[in-house]
Amino acid sequence: MKRTIISLAAILLIAVANAQTAVTVLDKAADEYKKNASVTADFEINLGGNIESGNILLQGTKFRTTTSESIIWFDGKTMWTYIKDNEEVNVTEPSATQLARINPYAFINMYKKGYDVAFGGNTSTYYEVILTAKGSNASIQKAIIRINKGTYQPRYIMMGTSRADIEINVKSYKAGAKQPDTEFLFDKKKYPKVDVIDLR
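Not measured: the values here are computed from a predicted model.

(A) Spotlight on the nonpolar core. L26, F63, Y105, V129, L131 and M159 are the most contacted members of the largest nonpolar core, which totals 43 residues. Top contributing element to this core by residue count: helix α1 (residues 2–34), with six residues. The residues touching L26, leaving out its near neighbours within four places in the chain, are F107, Y111, V117, V129, L131, I145 and I147. Counting residues in hydrophobic clusters, the runner-up holds eight residues, among them I71, W80, V89 and V194.

(B) Quick peek at a negative patch on the surface. A cluster of acidic residues, E69, D85, E87 and D195, forms a negative patch on the protein surface. Counting through the fold element by element, D195 comes out in strand β12 (residues 195–198).

(C) Structural context of the sheet that holds strand β7 (residues 115–119). The strand order across the open sheet formed by 12 strands is β7-β8-β9-β10-β11-β1-β2-β3-β4-β5-β6-β12, and the pairing between neighbours is mixed. This sheet does not close on itself; its edge strands, each paired only once, are β7 and β12. Here the average twist between neighbouring strands, direction ignored, is 20°. Two elements, strand β9 (residues 140–148) and strand β10 (residues 154–161), share seven bridges in a ladder whose sense is antiparallel. Bridging across to β10, A143 finds its partner in M159.

(D) Representation of the environment of D181 within the structure. In this structure, D181 sits in the loop between β11 (165–176) and β12. Take D181: its relative accessible area is 43%, and that puts it in the partly exposed class. Once the C-alpha coordinates of D181 and F63 are considered, the two residues, 118 residues apart in sequence, prove to be 9.9 Å apart.

(E) Focus on the environment of I166. Considering the arrangement of structural elements, one finds I166 in strand β11. Between the alpha carbons of I166 and A100 there is a distance of 8.7 Å; along the sequence they are 66 residues apart. The residues contacting I166, other than those within four sequence positions of it, are I45, N46, L47, R101, I157, M158, M159 and T161.

(F) Focus on the packing of aromatic side chains. One pass over the structure, following the stated rule, counts nine aromatic pairs. Consider the rings of F63 and F74, whose centres lie 5.3 Å apart with planes at 35°: the pair is tilted. Within this pair, whereas F63 is found in strand β3 (residues 62–67), its partner F74 is found in strand β4 (residues 70–74), the two being separated by 11 residues in sequence. A ring pair is formed by Y127 and Y152, whose centres lie 5.9 Å apart and whose planes are at 25°; its orientation type is stacked. Placement of the pair is Y127 in strand β8 (residues 126–133) and Y152 in the loop between β9 and β10, with a sequence separation of 25 residues.

(G) View of unusual backbone geometry. At E87, a residue that is not glycine, the phi angle is positive and equals roughly 55°. Residue placement: E87 occurs in the loop between β5 (79–83) and β6 (88–92). The class for E87 is partly exposed, based on a relative accessible area of 33%. Even without being a glycine, Y152 presents a positive backbone phi close to 60°.

How each quantity is defined
Residues numbered from 1 in each chain as written. Predicted model: local features only at pLDDT ≥ 70, side-chain atom pairs only at ≥ 80, totals over all residues. Heavy atoms only, no water. Core = buried A, V, L, I, M, F, W, Y, C linked by side-chain atoms within 4.5 Å. Buried < 20%, exposed > 50% of the residue type's maximum accessible area, 1.4 Å probe, protein only. Helix = DSSP H or I, 4+ residues; strand = E, 2+ residues; numbered from the N terminus. Contact = heavy atoms within 4.5 Å. Patch = residues over 30% accessible without salt bridge, like charges linked within 9 Å, V, L, I, M, F, W, Y side chains within 5 Å. Areas by Shrake-Rupley, 256 points an atom, 1.4 Å probe, with all protein chains shown as cover. Salt bridge = Lys/Arg side-chain N within 4 Å of Asp/Glu carboxyl O. Lys, Arg positive; Asp, Glu negative; His and termini not counted. Charge placed at Lys NZ, Arg CZ, Asp CG, Glu CD. Pairing = 2+ DSSP bridges. Axes fitted to C-alpha atoms, helices over the stretch in contact; angles between N-to-C directions. Phe/Tyr/Trp six-rings, centres within 6.5 Å; stacked < 30°, edge-to-face > 60°.

On their own, these measurements won't tell you what the molecule is for.
Below is the structure:
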């Protein structure tokens, strides 16, 4: 009986240490991102079999994403989505789930609350961290993040939502200088012919 209790205690300690180490990896990835004034990344996103390449400029909670189909500006609260084919801009205040579908770095703020964190299949080049929602009401139930062991930069993110899995492969990452706030705002003067639809 005593041996069984000791074995269970050892397993529990290993599990706790594992979770703490996985959280530490995400903490370091978040710190690596936050220490830069801005970040530019090229990525490939797979949403329901629809694969598209794009570029994102990030600064704190703000970002601007450009793909062949759209340009999205987010100033930390309001999002403007310019659909090129339709010549229209939709204005919204997106949820965390909506942001996760667009921003490869959404996990930086997501993992700290409401998720169990553990290692997956680590390799010699990256850590694989798995986030599992503690509650069934979470719109993102599971996330898998692979983080480069040398740079602590994310290279792959998968998020499982109530609708579909989103896979993002980060192709390149470059730190940059601080950008003006206008980089994250839709400028109607540059797109005079588009219809602006306020959905807030």
